[in-house]
Amino acid sequence: MTHHGTGRMTAGGAIFTRLKALGVDVVFANSGTDFPPIIEGLAEAAAAGVDLPAALVIPHEHAAMGMAHGYFLVTGRPQAVMLHTNVGLSNGATGAINAACEHIPMILMSGRTPVTEAGRFGARTVPIAWGQEMRDQTALVREAVKWDYELRYPEQIAPLLDRASAIAMSTPKGPVYLSLPREVLCEPVAAEDLAAPASIAPVRVAPDPAAVAAAAEALAGARAPLVIAQRGAGDAESFAAFAAWAEEWGIAVSSWWATHLAIPTDHPCHVGADPGPWLAEADVVVILDALAPWWPDIHPVPAAETVVTMGPDPVFSRFPVRGFRSDIALRGENADTIPALIAAMDRLPRPSGVAARRARLAAASAAERAKLEAAAADTSRGMTKAFVSAALGRALEAREVAGQATSVFSELGTKLGFLSRRAPLSWFQEPHSGGLGWSFPAAMGAKLADPARTVVATMGDGSYMFANPTACHQVAEALGLGVVVIILNNEEWGAVRASVVGLYPNGAAARANQMPLTALKPTPDFVRTAEASRAFARRVTDPADLAAALEAALEAADTGRQALLDVAVLPD
């Protein structure tokens, strides 16, 4: 209970006060029986006019995690997620794995079933208080978070949240977790210092100057340098600098399984998604924030003289097995390492062959784009993911010419390259952790953070079902989030089928009329799923109808109404 006259409030309410002081705008919450002191504290704070983060009801934990992920991607500011005991945390664990894989900071919390059976305010009542107890609840997310702890006393709220926030935002960034026993949340706590500035600053790691100098010398003297980029090129300033640097020095850039855009797809040095041909001839390779920069069984082992790795954690220490070569490592945020490398190279002479190399790359880049355009235009057998990708690119480009910012969140949906993208926040692909159902809620989080941005989520039919679409559509309607969802519906687990064919190209499964464990037939009526939440929704089966449908969906989203297109595509 809050006692305003004595400056005290429930510990549950104090959490929100402290989160606001730490810069958190939103707490994505899925409440449960551990939440009464939190809900009471929120109501009391509202009655007293206390400024708190927005507390949003998100009716599925995976959606809450995805929204926090997407919110950070377009703002650079970490948000908070509050879940219900072990069962809520288990539903959120996939989102924590995704966030950890992509270095996405967030403050994850969940209640803990009451410790006491009687005799304390907040002790156990209904049977689930016994049923939800675990010996080690944090084990559900421990491998995915950078730090975890359990709140023991209400006066720990400010120092623990300060520590959680600082660790989440320190290089490399990532999620943190705090469990919240109900008895502690019910206790009163002094409110006076909850709005004070953060007591702990995050650590931003700078690259080693000697390593920067060595990498610069290797690249400046390279005959055939190659950059393989996966997770972007930092902030808007370093993104622009990276593109200019690649062109100035004539450096090939490949976007192999890119989860973030590092360079415009039509840049004259962008050689496309496949690094293979360029790896074969490269004498210096830069692995720019890439968890898996090539496919060891397919691509040639680079015979390069020097391999440089760059990123917040260039050796990806979280992952037990990762044997990609690293001769020089530059550790730091991409927004710091890229400018440092560029500055070091600016002091070095340009080799004589740069102009010819630049011209060769421009020709190869143009040829690659022409090949993709021709493939995308082929609808002789029906619509392909390439066709839909190109059509969406054209629709969004028309908006960008008019000054509109756009972002695409793709999850086994549209394909980079076929889809033209140019701006630093314009492309996000599913995390390499593969926790499906990510793109729809991530897109909603991005739209919540930047309402003026056109935000599109594209995904396969399986990924859409993984997103708990009824919950996501409910949230989009409740919050007025005008996102566009495009389902590229091939009625199967396409990624699974491709994996089987990749391992057994001449096997029985590849020859079967219907590959086991891959079909998603009959396809549900996804249009009706969306229409249940009053969305604009349309099924598209004819390639000739796609452009008009895209425009109608985008126009509906401009009004704050969510839109969905269920597009029938051929299997890849």
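Visitor: Outline the packing of aromatic side chains, listing residues and values.
Guide: Centre-to-centre distance and the angle between the planes together describe a pair of aromatic rings. Enumeration over the complete set of coordinates arrives at 10 aromatic pairs. With 6.4 Å between their ring centres and 10° between their planes, Phe440 and Tyr464 make a pair best called stacked. Of this pair, Phe440 sits in helix α14 (residues 439-449) while Tyr464 sits in helix α15 (residues 461-466), placing them 24 residues apart in sequence. The two residues Phe440 and Tyr464 agree in class, both being buried. Taken together, the ring pairs connect Phe409, Phe428 and Trp438 into an aromatic cluster. Looking at Arg318, its charged tip hangs above the ring of Phe319, at a distance of 5.1 Å from the centre.

Visitor: Break down the sheet that holds strand β17 (residues 454-460) for me, with residues and values.
Guide: Pairing between the strands of a sheet is mediated by backbone hydrogen bonds and can be parallel or antiparallel. With parallel pairing, the six strands of this open sheet are ordered in space as β16-β15-β17-β18-β20-β19. The two strands at the open ends of the sheet, each matched to only one other strand, are β16 (427-429) and β19 (536-540). Averaged over all neighbouring strand pairs, the angle between strand axes comes to 15°, with direction disregarded.

Visitor: An account of unusual backbone geometry is needed here, citing residue identities and associated values.
Guide: For the peptide bond that leads from Thr171 to Pro172, omega is -10°, which places it in the cis range. Positive phi, normally seen in glycine, also occurs at Thr85, with a value near 40°. For Thr85, a relative accessible area of 1% gives the class buried. The phi dihedral of Arg534 is positive, around 65°, even though this residue is not glycine.

Visitor: A description of α14 should follow, citing residues and the corresponding values.
Guide: With respect to burial, α14 is a largely interior element, nine of its 11 residues being buried. Within α14, burial applies to Ser439, Phe440, Pro441, Ala442, Ala443, Met444, Gly445, Ala446 and Lys447.

Visitor: Before we move on, can you summarise the sheet that holds strand β7 (residues 175-181) with the specific residues and values?
Guide: Ordered in space as β3-β2-β4-β5-β7-β6, the six strands form an open sheet in which the pairing is parallel. Where the open sheet ends on each side, the last strands, each with one partner, are β3 (54-57) and β6 (148-150). Direction aside, the axes of adjacent strands within the sheet are offset by 20° on average. Relative to strand β4 (residues 79-83), strand β2 (residues 26-29) runs parallel, the two being bridged by three bridges. Within the sheet, the bridge partner assigned to Ala29 lies in β4 and is Met82. Helix-sheet contacts for helix α6 (residues 157-169) involve β5 (106-112), β6 and β7, and the interaxial angle to β7 is about 160°.

Visitor: Kindly report on the packing of helix α3 (residues 61-75) against helix α4 (residues 85-101), identifying the contributing residues and their values.
Guide: Packed helix pairs are specified by the crossing angle of their axes together with the interaxial distance, meaning the distance between the axes. With their axes 7 Å apart at the nearest point, α3 and α4 run at an angle of 30° to one another. The angle between α3 and α4 falls in the class roughly parallel. Note on packing geometry: the crossing formed by α3 with α4 is right-handed. The residues of α4 that touch α3, namely those facing Glu61, His62, Met65 and His69, are Gly88, Asn91, Gly92, Thr94, Gly95, Ala96, Asn98 and Ala99. Tallied by class, residues from the contact of α3 with α4 come to three nonpolar, eight polar and one charged.

Visitor: Describe helix α16 (residues 469-479), and please don't skip the residues or the numbers.
Guide: Listed in full, the buried residues belonging to α16 are Pro469, Ala471, Cys472, His473, Val475 and Ala476. Residues of α16 that are buried make contact with β3, α3, α14, α15, α19 (526-531) and β20 (563-568).

Visitor: Give a detailed account of the side chain of His299, specifying residues and quantitative values.
Guide: With respect to the helices and strands, the residue His299 is situated in the loop between β12 (284-288) and β13 (306-311). Its relative accessible area of 7% is what places His299 among the buried residues. Within the local environment of His299, its side chain forms a polar contact with the side chain of Asp274, the two groups lying 2.8 Å apart. Ignoring sequence-local partners within four residues, the contact set of His299 consists of Trp256, Asp274, Pro275, Gly276, Leu279 and Trp294.

Visitor: I'd like to hear about the side chain of Ser238, residue by residue, with values.
Guide: Position of Ser238 among the secondary structure elements: in helix α9 (residues 236-249). Residue contacts for Ser238: discarding those within four places in its chain leaves Ala233, Asn334, Ala335, Ile338 and Pro339.

Visitor: Residues and numbers for the nonpolar core, please.
Guide: The tendency in soluble globular proteins is for nonpolar side chains to be buried side by side. Residues Phe242, Trp245, Val285, Val388, Ile486, Leu546 and Val567 are the most contacted members of the largest nonpolar core, which totals 80 residues. If we ignore the near neighbours within four places in the chain, the residues touching Trp245 are Leu219, Val227, Ile251, Leu341, Ile342 and Met345. Counting 53 residues, the second-largest nonpolar core is a separate cluster that includes Ala68, Leu89, Phe409 and Leu481.

Parameters and conventions
Residues numbered from 1 in each chain as written. Predicted model: local features only at pLDDT ≥ 70, side-chain atom pairs only at ≥ 80, totals over all residues. Heavy atoms only, no water. Phe/Tyr/Trp six-rings, centres within 6.5 Å; stacked < 30°, edge-to-face > 60°. Helix = DSSP H or I, 4+ residues; strand = E, 2+ residues; numbered from the N terminus. Buried < 20%, exposed > 50% of the residue type's maximum accessible area, 1.4 Å probe, protein only. Lys NZ or Arg CZ within 6 Å of the ring centre and 35° of its normal. Pairing = 2+ DSSP bridges. Axes fitted to C-alpha atoms, helices over the stretch in contact; angles between N-to-C directions. Contact = heavy atoms within 4.5 Å. Parallel < 35°, antiparallel > 145°, perpendicular 65-115°, else oblique. Left-handed = near helix turned anticlockwise from the far one by under 90°. Nonpolar A, V, L, I, M, F, W, Y, C, P; charged D, E, K, R; others polar. Polar contact = N/O pair within 3.5 Å; in protein donor to acceptor, adjacent residues only side chain to side chain. Core = buried A, V, L, I, M, F, W, Y, C linked by side-chain atoms within 4.5 Å.

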